[in-house]
Amino acid sequence: MSGGPGLESLVDQTISVITNDGRNIVGILKGFDQATNIILDESHERVYSTKEGVQQLVLGLYIIRGDNISIVGELDEELDANLDLSKLRAHPLKPVIH
């Protein structure tokens, strides 16, 4: 596989992806290509709200087009497991404007 810089080291690890439309998708990186299209397994979307805790919508095996990706980051699974997402409040992210 070739493509996005540094993605090779994240294959089979849990990552967080912020899309251009402000979605936060978490899953295990299974693959990517030269256009940075990525394949996530066991993925879910985290939906943030100022009124209630974070909702997690199960997506399963999921493909994200490279031109819709704003940020890709490695997720610290131990730290993430200790977060109580039901108590976390945050404004949803706004879309990225290029």
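Structure: see above.
Conventions we followed
Residues numbered from 1 in each chain as written. Predicted model: local features only at pLDDT ≥ 70, side-chain atom pairs only at ≥ 80, totals over all residues. Heavy atoms only, no water. Pairing = 2+ DSSP bridges. Helix = DSSP H or I, 4+ residues; strand = E, 2+ residues; numbered from the N terminus. Axes fitted to C-alpha atoms, helices over the stretch in contact; angles between N-to-C directions. Buried < 20%, exposed > 50% of the residue type's maximum accessible area, 1.4 Å probe, protein only. Core = buried A, V, L, I, M, F, W, Y, C linked by side-chain atoms within 4.5 Å. Contact = heavy atoms within 4.5 Å. Patch = residues over 30% accessible without salt bridge, like charges linked within 9 Å, V, L, I, M, F, W, Y side chains within 5 Å. Areas by Shrake-Rupley, 256 points an atom, 1.4 Å probe, with all protein chains shown as cover. Salt bridge = Lys/Arg side-chain N within 4 Å of Asp/Glu carboxyl O. Polar contact = N/O pair within 3.5 Å; in protein donor to acceptor, adjacent residues only side chain to side chain. Lys, Arg positive; Asp, Glu negative; His and termini not counted. Charge placed at Lys NZ, Arg CZ, Asp CG, Glu CD.

Participant: Let's hear about the sheet that holds strand β1 (residues 14–19): which residues, and what values?
Facilitator: Hydrogen bonds between backbone groups are what pair the strands of a sheet, and the pairing can be parallel or antiparallel. With antiparallel pairing, the five strands of this open sheet are ordered in space as β4-β3-β2-β1-β5. Either end of the sheet is taken by a strand with one partner, and the two such strands are β4 (55–64) and β5 (69–74). Pairs of neighbouring strands in the sheet enclose a mean axial angle of 25°, with direction left out of account. Inspection of the sheet shows strand β3 (residues 38–47) paired to β4 by eight bridges, in the antiparallel sense. Along β4, the bridge assignment pairs Glu-45 with Leu-57.

Participant: Explain unusual backbone geometry residue by residue, including any values.
Facilitator: Non-glycine residue Asp-12 carries a positive phi angle of around 70°. With respect to the secondary-structure elements, Asp-12 resides in the segment before β1. Of note in the backbone geometry, Glu-42 takes a positive phi value of approximately 50° without being a glycine. The class of Glu-42 is exposed, set by a relative accessible area of 57%.

Participant: Account for the nonpolar core, naming residues and giving values.
Facilitator: By size, the foremost hydrophobic cluster in this structure holds 11 residues: Leu-7, Leu-10, Ile-15, Val-17, Ile-25, Leu-29, Phe-32, Ile-38, Leu-40, Ile-64 and Ile-69. The set of elements that each furnish at least two residues to this core consists of β1, β2 (24–32) and β3. In terms of residue count, the dominant contributor to this core is β2 (three residues). If near-sequence neighbours (up to four positions away) are discounted, Ile-25 is found in contact with Ile-15, Ser-16, Val-17, Thr-19, Leu-40, Ser-43, His-44, Glu-45, Leu-59, Tyr-62 and Ile-64.

Participant: Can you lay out a nonpolar patch on the surface for me, pointing to particular residues and giving the numbers?
Facilitator: On the surface, a nonpolar cluster with roughly 310 Å² of combined accessible area is contributed by Ile-39, Leu-61 and Ile-63. Given a relative accessible area of 61%, Leu-61 falls into the exposed group.

Participant: With reference to specific residues and values, describe the side chain of Glu-45.
Facilitator: Note that Glu-45 resides in strand β3. Using a relative accessible area of 12% as the deciding quantity, one classes Glu-45 as buried. A distance of 3.0 Å separates polar atoms of two side chains, one belonging to Glu-45 and the other to Arg-23.

Participant: An account of the side chain of Ser-43 is needed here, citing residue identities and associated values.
Facilitator: If you trace the backbone, Ser-43 turns up in strand β3. The class of Ser-43 is buried, set by a relative accessible area of 2%. A polar contact of 2.5 Å, which involves the side chain of Ser-43, links it to the backbone oxygen of Gly-60. Not counting the four nearest positions on each side in its chain, Ser-43 is found in contact with Ile-25, Val-26, Gly-27, Val-58, Leu-59, Gly-60 and Tyr-62.

Participant: Describe a negative patch on the surface, with residues and values.
Facilitator: A cluster of acidic residues, Glu-74, Asp-76, Glu-77 and Glu-78, forms a negative patch on the protein surface. Looking at the element boundaries, Glu-78 is found in helix α1 (residues 77–81). Look at Glu-78 and you get exposed, because its relative accessible area is 63%.

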